[in-house]
Amino acid sequence: MAVITMREALNQAMREEMHRDENVFLLGEEVAAYQGAYKVSKGLLEEFGDQRVIDSPITELGFAGLGVGAAMVGLRPIIEFMTFNFSILATDQIVNSAAKMLYMSGGQFKIPIVFRGPNGSAYQVSSQHSQALESWFAHFPGLKVVMPSTPADAKGLLKSAIRDDDPVIFLEQERMYGNKGEVTEDENFTIPLGVADVKREGTDATIVARSLMVPLALKAAEELEKQGVSIEVIDPRTIRPLDTATIINSVKKTNRVVIAEESHAFCGVGAEISAQIMEHAFDYLDAPVVRLSGVDAPMPYAKNLEKLALPDVARIVAAVRQVAYLD
């Protein structure tokens, strides 16, 4: 085991998979000569050459489409967007081509492609660069959506995503690239897609959190433990397919749920999780599900307003106290 950052874990995953399979290549904005806008692809150009680590023009629709075509003929592209906000320009290729090709070709064309890059809020990059887009992509059949919250999860899930025969949206939280954690040095280490993780066990309430919200939920759980409240923290890790069973089993144990997310609440992933809980564990609930989300407004630029727009530890603690009828 070694303690490394999230960006280093992602780098390891790509390097190991590129050594394992010569069909894997990386294409995107600033991935080669500049070594990645967030240095996730550091050293890959030098190691694998410019035929497998390729700088693209700033033409998301174009290089995303090139990746889909490459996947159709048996290659395994990793397509990096400098920020996932830029993927909006490539949604025709992602949603209308990658997601539907297997179905519309009657199974003739698999699309083993990973679209990856930073998602969600950053630090004062304003409205057009601070959106969490997971619910958008998770809406469409044919796409898998992954959101790691630790370096170990980032490595294991990315390796599985690269090996998967279906298109995967791999969303890395921009604020978390420097987060550190223990990661195995075993090159055979993978984490299967569609399997949630119990980050902390507890008995009094469940917090379902993903990506940036996971470390905040764990800190809130520590604070609540001091107040005599035992918290279980569930990280879905994969949004689609969603491991509903792990969430439901936790609800059956704790009977109270808070869903924490930085994205907007309306038509969001939290709304889907809440509906799944209602359908499969309604009789186990001792209180309504509480959803804690980012504010329903474009992200402000000002640092103080940006802070107010996102859930934090204090708000998660307050939400748990609300669902537990402690206030």
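Residues numbered from 1 in each chain as written. Predicted model: local features only at pLDDT ≥ 70, side-chain atom pairs only at ≥ 80, totals over all residues. Heavy atoms only, no water.

Enquirer: Tell me about the domain arrangement of the protein, and please be specific about residues and values.
Expert: Bring the parts together and some accessible area is lost; that lost area is often taken as the interface size. Each assigned domain of the protein is listed with its residue range as follows: domain 1 (2–183) and domain 2 (197–323). Here the C-alpha centroids of domain 1 and domain 2 sit 26 Å apart. The partner domain 2 presents 25 residues to the 29 residues of domain 1 that form the contact. Here domain 1 meets domain 2 over a buried area of about 2100 Å², counting both sides, of which 54% is carbon and sulfur. Broken down residue by residue, the surface that domain 1 buries against domain 2 is led by Gln124, Met147 and Ser149, which jointly contribute 27%. Remark: the boundary between domain 1 and domain 2 carries four salt bridges. Between Asp153 and Lys199 there is a salt bridge, with the nearest N and O atoms lying 2.6 Å from each other. (Domains from an automatic or database assignment. Contact = heavy atoms within 4.5 Å. Buried area = accessible area lost by both parts, 1.4 Å probe. Salt bridge = Lys/Arg side-chain N within 4 Å of Asp/Glu carboxyl O.)

Enquirer: Outline the sheet that holds strand β2 (residues 24–28), supporting the account with residue identities and numerical values.
Expert: Think of a sheet as strands paired side by side through backbone hydrogen bonds, with each pair either parallel or antiparallel. Across the sheet, seven strands lie side by side as β3-β2-β4-β5-β7-β6-β12; this open sheet has mixed pairing. A strand with exactly one partner marks an edge of an open sheet, and here the two such strands are β3 (53–55) and β12 (238–240). Strand after strand, the sheet turns through a mean of 20 degrees between neighbouring axes, direction not considered. Of the pairings in the sheet, the one linking strand β5 (residues 114–119) to strand β7 (residues 168–173) comprises six bridges and is parallel in character. (Pairing = 2+ DSSP bridges. Helix = DSSP H or I, 4+ residues; strand = E, 2+ residues; numbered from the N terminus. Axes fitted to C-alpha atoms, helices over the stretch in contact; angles between N-to-C directions.)

Enquirer: Account for the packing of helix α9 (residues 244–254) against helix α10 (residues 269–281), naming residues and giving values.
Expert: Where α9 contacts α10, the two axes come as close as 10 Å, and the packing angle between them is 65 degrees. As for how α9 packs across α10, the hand of that crossing is right-handed. Residues Thr244, Ile247, Ile248, Val251 and Lys252 of α9 form the contact with α10, whose own contacting residues are Ile273, Gln276, Ile277, His280 and Ala281. In the contact of α9 with α10, the residues fall into six nonpolar, three polar and one charged. (Left-handed = near helix turned anticlockwise from the far one by under 90°. Nonpolar A, V, L, I, M, F, W, Y, C, P; charged D, E, K, R; others polar.)

Enquirer: Could you give an account of the pairing of strand β14 (residues 290–294), naming the residues involved and the relevant values?
Expert: Two faces make up the sheet, and in a regular strand the side chains alternate between them. The element β14 is largely enclosed, with a buried count of four among its five residues. When strand β13 (residues 257–264) meets β14, the two strands line up parallel, connected through four bridges. Counterpart to Val258 in the pairing with β14 is Val290. Assessed by its sense of winding, the connection that carries the chain from β13 through α10 to β14 is right-handed. (Buried < 20%, exposed > 50% of the residue type's maximum accessible area, 1.4 Å probe, protein only. Right-handed = clockwise from strand over helix to strand, strands pointing away.)

Enquirer: Got a sec to walk through the side chain of Ser121? Specific residues and values, please.
Expert: Counting through the fold element by element, Ser121 comes out in the loop between β5 and α6 (134–138). What makes Ser121 buried here is its relative accessible area of 0%. A distance of 3.0 Å separates the side chain of Ser121 from the side chain of Arg175, its partner in a polar contact. Once residues within four sequence positions are removed from consideration, Ser121 is found in contact with Ser130, Gln173, Glu174, Arg175, Leu212, Glu262, Met299 and Leu310. (Polar contact = N/O pair within 3.5 Å; in protein donor to acceptor, adjacent residues only side chain to side chain.)

Enquirer: Go over helix α1 (residues 6–20) with me, naming the residues and quoting the values.
Expert: Taking 1.5 Å as the rise per residue, α1 with 15 residues should run 21 Å; its terminal C-alpha atoms sit 21 Å apart, in good agreement. Among the residues making up α1, those that are buried are Met6, Ala9, Leu10, Asn11, Ala13, Met14, Glu16, Glu17 and Met18. (Expected span 1.5 Å × (residues − 1).)

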